[in-house]
Amino acid sequence: MRWLVGWSGAAVPHGRSGARGPGANDTAHGRGSSPGGSGGNGFGGDAGRGGTDGHGRAQGYGNGQDGLDGRAGRGAYGGYSPYDSYGPYGYAPHTAFVPDGSEFDDGVLQPVGAQVLWGGPDPLWAVGDWRPDEIRVVEAEPGNRLAVFGCCGASDEELRIGLVAARGGAFRHLSAWPGSYTAVACVGRRITVLADLAGVRPVFHAPWAGGTAYATAALPIADLIEAQLDIGHLAAMLACPDAPEALGDGTPYQGVRRVPPGHALIVRDGGSREIAAYETSGSLVVGAPPTDPETAVEGVRDALVEAVRTRLTAPRHATEQDFDGPGQGAGARDPGPVPGMGPAERRAARGGPAPGVGADLSGGPASGTLALLAAGLPGMPGTVFGAGATGAGERLLAVTFNDLTYHGRTHHGAADGSPHGGGSAPGGTRRHGATGHRDDTRRQGGARRGDDGQQEHDPGRRPLDENAELERARALAENPRLHHVVVTGREEALPYADLAAGPLTDEPGPSLVFAERHRHRLSAGSADHFVGLGAREVLDAHPARLADLLLDRRRRHLVRPVAALARAEGRTAGRALLVPVTVYRAARRLGRTSYRDGLQETAAQLRDGTVAATAFDAYPDGGRSAAEASVAALTWCRPGPAARWLTGEALAEVALRLDAAAHARPSVERPGERRARAALARRAADHRVFEQAAEIRGQRLHAPYFDNQVVRAARALPESLRVRPGARAAVLRSVLAGAGIHELPPGWGAPVHAPHHAAERAGLRLAADQLLQLFEAPLLADAGLVEARVVRKAIRRAADGEALALDGLADLVAMELWLGRLLARRGTCWTGSTAPRAAAAGVVPAGSRPGRPLPTTPTLPPPPRG
């Protein structure tokens, strides 16, 4: 887990002494403040020396002990910087102090394992295993600094130009570069931190010590202010996860606030806080000129290609296991041929991801587009030269996951005890393609040659019609610049597997239930791995956009999507004929319903018990049909699948939140646009939990569909194009055609219902005993959110095969897991014997919890008109 944290406090007089804490003495002498012993500027360079460090980023600001003028304590610009803290040795660069640090050791508080970027009254740290090229700091003039964290395609000169623009208040320029990153601009005593448009890189803040603390993770801020759990927010996450009105700007921790997507946190002189929007939205009064569909699709193509190119042009990374170490064996690059093991198995046995760049290749259009773009774009090779065993000219490691538990499929490979391939993968899962299986290998007399030339046994291939999506992935992998690996999984890779293990994530999310499944697939991936998550929410049209078309009096554009829903329903002729009428009525009703009335209707549903009454109602196996799901989504707000399991008190509290939001301020957005933004924000939040839960050390997951520029380009797509059946596949096909890729396998882009529901039911059945034990005395029941006996009854009935809403149960399990891991942790995010810690009181029982005030709804200015 990687995050940045800082605060803006009151200025400290230069005569302050004795304000040194952990790292102050080290940085004063040029040693690193992080446990790894990085350099005085936090990057491994000399303290205070300007220039670059060989990674294309600025090293320091010239205000160190040994300045460029050769005099101790003087900087490149001469004199002492007013933003350096004062200690016994004079002005020490990059040391930080606590504004009211009398209660802490030596008056200094520092994040655990942090590298400090700059100090003074507005310090900033980077925490975690950041790569050298993922942290870039530039300075336009003394006191004006810009730090960029993540993958950013801007050059140092472009960063300086953006800093100059931000100095004048035009901080939107800091979000216009390709890539996924967080920008922190420090202009004098004004700090500006930008959250991205999707929500993958959020910003959290809280008042502290007379100033403001901010971070890209909520837990460090919660530890800093010793926040307790916000039970009301947890209830809203379960009851209405898609409703920003219920969640507001809160977090699971009391007092910690979230900056909404598309907004920036501006802190002035440590006290004044402002949340400002940097992205404009359309108006209902003044219509914008119509967007040309071809131009909009070209914009998406250019943004997506540039996003992939940014990752390809970044430095390649490899783990220490991929290079020669002392002796032979685990420390060496490759121990050599091992009977029954291919090069992929030997690398996986040593641990760590494969060096270079890889991508998921599920056979769907989202991941397939990224894999083909990364394989076809000119640039550096996907693998590090001299590392790994792939042949020369191979660019990308494409990973496909095949669930062998679906339809009772079995593995036909050998059953020896090798770590991979013929035996079990980590965790006991067998691999099919991980034994070196490649669809572009040359057959030689019933055997095929692996990457190292060693002949390996071919376990055989299943018929083409058994899994259309897998066969499409194999057809795409015929590209000679792809190295295809098929990772197979059995019961060990099902949902709900190995719930006892796993890291503590910043926030709860449904991905905690599926973390082991994802980790099993990603373990065969590369150090930089592309995933196709987010394409549906970014490119597709939310069903509520049908109401937007009616508001614009464009009824003819409803013909295609409604006809497609009728064809998809097509179980009976009579039911198919009713679909157009039902969908049209629901869209018209949403278009005529005001924002306030829509929220109040949902609040009434939560209060009157209609939601809780459906707890054990039959739920279609595999979920609702497309028509039923579209009609249900044609609302301003709706309860989530886990709401049926919550207690009446919890639902009533969420209803109060909706009522407060309904009376706070009206919405000037269209219902479809607002629902689409909320769905994207929820998907991005779950992706962030997924990254942390399935994290493999040394690996970076890249989701270009969440990039700012891709989201902006996708929002420019006209609604009439979005609502067309197969719009996402058509847009991605145009993206590939613009990159010179025209030949795609038959059926590419066709909607495929993957057996996720069947896998989830099978995983719940296998883990039923563990889940029943988990909810024997659940923390959710102590918080008054659920009744333990009701949840246990639901788990038993779902394990017995009854058709219940499994997604709601997954939300409950994920929340219970997260609470248990949070309260079981022993440490904190900060140093010192008296370091603060969040949730020290645990989960306060519902009966003894004092009355809580209504959540504060962010009072954001209405978007500009025109």
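Keep in mind that what you see is a predicted model, and the values were worked out from it rather than measured. (Residues numbered from 1 in each chain as written. Predicted model: local features only at pLDDT ≥ 70, side-chain atom pairs only at ≥ 80, totals over all residues. Heavy atoms only, no water.)

K.L.:
How do you make sense of the overall build of the protein chain when you look at a structure like this?
P.N.:
Looking only at helices and strands, the protein chain features 26 helices and 22 strands. Among the 866 residues that make up the protein chain, the fraction classed as buried is 56%. For the protein chain, contacts bridging at least 24 residues in sequence account for 73% of all contacts bridging at least 6. A total of about 33900 Å² of accessible surface is found on the protein chain, and carbon and sulfur atoms cover 52% of it. (Helix = DSSP H or I, 4+ residues; strand = E, 2+ residues; numbered from the N terminus. Buried < 20%, exposed > 50% of the residue type's maximum accessible area, 1.4 Å probe, protein only. Contact = heavy atoms within 4.5 Å. Areas by Shrake-Rupley, 256 points an atom, 1.4 Å probe, with all protein chains shown as cover.)

K.L.:
Honestly, the sheet that holds strand 16 (residues 396–403) in this entry has me stumped. Any pointers?
P.N.:
Strands sit in the order 20-16-15-21-22 across an open sheet of five strands; the sheet is parallel. With one partner strand each, in any of the chains shown, strand 20 (482–489) and strand 22 (700–702) form the two edges of the open sheet. Strand after strand, the sheet turns through a mean of 30 degrees between neighbouring axes, direction not considered. Alignment of strand 15 (residues 354–360) against strand 16, held across three bridges, turns out to be parallel. Across the sheet, the residue bridging to Ala359 is Ala398, located in strand 16. (Pairing = 2+ DSSP bridges. Axes fitted to C-alpha atoms, helices over the stretch in contact; angles between N-to-C directions.)

K.L.:
What is the right way to look at the pattern of salt bridges in this model?
P.N.:
Pairing is possible between side chains that carry opposite charge, provided their charged atoms lie close to one another. Under the defined criterion, the tally for this structure stands at 39 salt bridges. With a closest N to O distance of 3.0 Å, Arg2 and Glu695 form a salt bridge. Of the two residues, Arg2 is situated in the segment before strand 1 (3–8) and Glu695 in the loop between helix 18 (671–693) and strand 22; the sequence distance between them amounts to 693 residues. Arg2 gets classed as partly exposed once you look at its relative accessible area, which sits at 27%. With a closest N to O distance of 3.1 Å, Asp360 and Arg521 form a salt bridge. With a gap of 161 residues between them, Asp360 in strand 15 and Arg521 in helix 10 (residues 515–522) connect regions that are remote in the sequence. With relative accessibility at 10%, the residue Asp360 sits in the buried group. Through salt bridges with shared partners, a single network forms among Arg2, Asp129, Glu134, Glu695 and Arg700. (Salt bridge = Lys/Arg side-chain N within 4 Å of Asp/Glu carboxyl O.)

K.L.:
Can you walk me through the sheet that holds strand 7 (residues 144–152) in this structure?
P.N.:
Remark on secondary structure: sheet strands pair via backbone hydrogen bonds, oriented parallel or antiparallel. Taken in spatial order, the six strands make up an open sheet running 6-7-8-9-13-14, and their pairing is antiparallel. Edge positions in the sheet fall to strand 6 (135–141) and strand 14 (272–277), since each has one partner strand and no second. Adjacent strand axes in the sheet meet at a mean angle of 15 degrees, parallel and antiparallel pairs treated alike. In this structure, strand 13 (residues 263–268) lies alongside strand 14, joined through six bridges in antiparallel fashion. By the bridge assignment, Ala264 is partnered in strand 14 with Ala276.

K.L.:
I keep staring at helix 21 (residues 727–738) and nothing clicks. Help me out?
P.N.:
The α-helix winds at 3.6 residues per turn, so residues separated by three or four positions along the chain end up facing the same way. Between its first and last C-alpha atoms helix 21 spans 17 Å; for 12 residues at 1.5 Å apiece the expected length is 16 Å, and the two agree. Listed as buried for helix 21 are Ala727, Arg728, Ala729, Val731, Leu732, Val735 and Leu736. Contact partners of the buried residues in helix 21: helix 6 (293–312), helix 8 (365–376), helix 11 (535–539) and helix 20 (719–722). Phi for Gly740, located one or two positions after helix 21, is positive at around 90 degrees. (Expected span 1.5 Å × (residues − 1).)

K.L.:
Looking at this model, I keep getting lost on the packing of aromatic side chains. Mind explaining?
P.N.:
The way to describe two aromatic rings as a pair is by their centre distance and the angle between their planes. Applying the stated criterion across every chain yields a total of eight aromatic pairs. By way of ring pairs, the aromatic residues Trp7, Trp125, Trp208 and Trp830 are connected into one cluster. (Phe/Tyr/Trp six-rings, centres within 6.5 Å; stacked < 30°, edge-to-face > 60°.)

K.L.:
Help me out: how do you make sense of the confidence of the model for the protein chain in this one?
P.N.:
Close inspection of predicted coordinates is inappropriate for parts of the model with low pLDDT. Per-residue pLDDT for the protein chain has a mean of 75; in total, 69% of the residues score no lower than 70. Ranking the elements of the protein chain by mean pLDDT puts strand 17 (residues 443–444) last with 29 and strand 12 (residues 257–258) first with 96. Below a pLDDT of 50 lies the segment residues 12–96, which in the model reaches 183 contacts outside its immediate sequence neighbourhood of four places, other chains included. With pLDDT under 50 throughout, residues 100–106 is counted as low confidence; its partners more than four residues away or in other chains account for 15 contacts. (pLDDT = per-residue confidence, 0-100.)

K.L.:
What should I look at first to understand the nonpolar core in this one?
P.N.:
Across soluble globular proteins, nonpolar side chains have a tendency to be buried as a group. If you look at the biggest cluster of nonpolar residues, it comprises 112 residues, and the most contacted ones within it are Tyr253, Tyr496, Leu785, Leu809 and Leu812. If one sorts the elements of this core by residue count, helix 26 (residues 806–824) sits on top with 11 residues. With sequence-adjacent residues up to four places away left out, Leu812 is seen in contact with Leu238, Ala642, Trp645, Leu646, Phe775, Leu780, Val786 and Val791. Ranked by size, the runner-up nonpolar core spans 77 residues in total, among them Val297, Leu377, Ala473 and Tyr705. (Core = buried A, V, L, I, M, F, W, Y, C linked by side-chain atoms within 4.5 Å.)

K.L.:
Help me understand unusual backbone geometry in this model?
P.N.:
What is expected of a backbone is that most residues other than glycine have negative phi and most peptide bonds are trans. We note that Arg553 has phi near 60 degrees; this positive angle belongs to a residue other than glycine. Looking at the secondary structure, you find Arg553 in the loop between helix 12 (545–551) and helix 13 (559–569). The phi dihedral of Ala839 is positive, around 55 degrees, even though this residue is not glycine. Assignment of secondary structure puts Ala839 in the segment after helix 26. Residue class for Ala839 comes out buried when judged on its relative accessible area of 8%.

K.L.:
Is there a simple way to explain the packing of helix 8 against helix 21 in this structure?
P.N.:
Packed helix pairs are specified by the crossing angle of their axes together with the interaxial distance, meaning the distance between the axes. The geometry of helix 8 relative to helix 21 is characterised by a closest axis approach of 10 Å and an angle of 5 degrees between their N-to-C directions. Between helix 8 and helix 21, the angle falls in the class roughly parallel. In this structure, helix 8 contributes Pro365, Ala366, Thr369, Leu372 and Leu373 to the contact, and helix 21 contributes Arg728, Leu732, Val735 and Leu736. Split by residue class, the contact of helix 8 with helix 21 holds seven nonpolar, one polar and one charged. (Parallel < 35°, antiparallel > 145°, perpendicular 65-115°, else oblique. Nonpolar A, V, L, I, M, F, W, Y, C, P; charged D, E, K, R; others polar.)

K.L.:
I keep staring at the packing of helix 6 against helix 8 and nothing clicks. Help me out?
P.N.:
At a closest axis distance of 10 Å, the pairing of helix 6 and helix 8 adopts a crossing angle of 60 degrees. Judged on the interaxial angle alone, helix 8 and helix 6 are oblique. Helix-helix and strand crossings are classified by hand; for helix 6 and helix 8 the assignment is right-handed. Taking contact as the criterion, the partners of Leu304, Val305, Val308 and Leu312 in helix 6 are, on helix 8, Thr369, Leu370, Leu373 and Ala374. (Left-handed = near helix turned anticlockwise from the far one by under 90°.)

K.L.:
Is there a simple way to think about the environment of Cys186 in this case?
P.N.:
Structurally, Cys186 is set in strand 8 (residues 179–187). A relative accessible area of 4% places Cys186 in the buried class. Considered as a pair, Cys186 and Leu124 are 62 residues apart in the sequence and their alpha carbons are 10.0 Å apart. Discounting residues that sit within four places of it in the chain, Cys186 has contacts with Trp118, Gly143, Asn144, Arg145 and Ile191.

K.L.:
It is not clear to me how the pairing of strand 8 should be interpreted in this structure. Could you clarify?
P.N.:
Taking burial as the measure, the nine residues of strand 8 include nine buried ones, the bulk of the element. Side chains Gly179, Tyr181, Ala183, Ala185 and Val187 of strand 8 all project onto a buried face; the interleaved residues Ser180, Thr182, Val184 and Cys186 project onto the opposite face, where all are buried too. Inspection of the sheet shows strand 7 paired to strand 8 by nine bridges, in the antiparallel sense. Residue pairing across strands places Ala147 opposite Val184, the latter belonging to strand 8. Summarising the sheet, strand 8 and strand 9 (residues 190–194) pair through four bridges and their orientation is antiparallel. Bridged to Val187 within strand 9 is Arg190. Here strand 8 folds back onto strand 9 in antiparallel fashion, the turn holding two residues, of which Gly188 has a positive phi close to 65 degrees.

K.L.:
Help me understand the side chain of Asp156, please; the structure alone is not making it clear to me.
P.N.:
Within the element layout of this structure, Asp156 appears in helix 2 (residues 156–167). A polar atom in the side chain of Asp156 sits 2.7 Å from the side chain of Arg136. (Polar contact = N/O pair within 3.5 Å; in protein donor to acceptor, adjacent residues only side chain to side chain.)

K.L.:
Is there a simple way to think about the environment of Pro480 in this case?
P.N.:
Within the fold, Pro480 resides in the loop between helix 9 (468–476) and strand 20. A C-alpha to C-alpha distance of 8.8 Å links Pro480 and Arg395, two positions 85 residues apart in sequence.

K.L.:
Hey, could you run me through the side chain of Glu669 in this one?
P.N.:
Inspection of the secondary structure assignment puts Glu669 in the loop between helix 17 (648–664) and helix 18. Classification of Glu669 by relative accessible area gives buried; the value is 16%. In this structure the side chain of Glu669 is engaged in a polar contact, spanning 2.8 Å, whose partner is the side chain of Arg674. Looking at Glu669, its side chain comes within polar contact range of the side chain of Arg677, at 3.3 Å. Other than its neighbours up to four places away in sequence, Glu669 contacts Trp636, Arg674 and Arg677.

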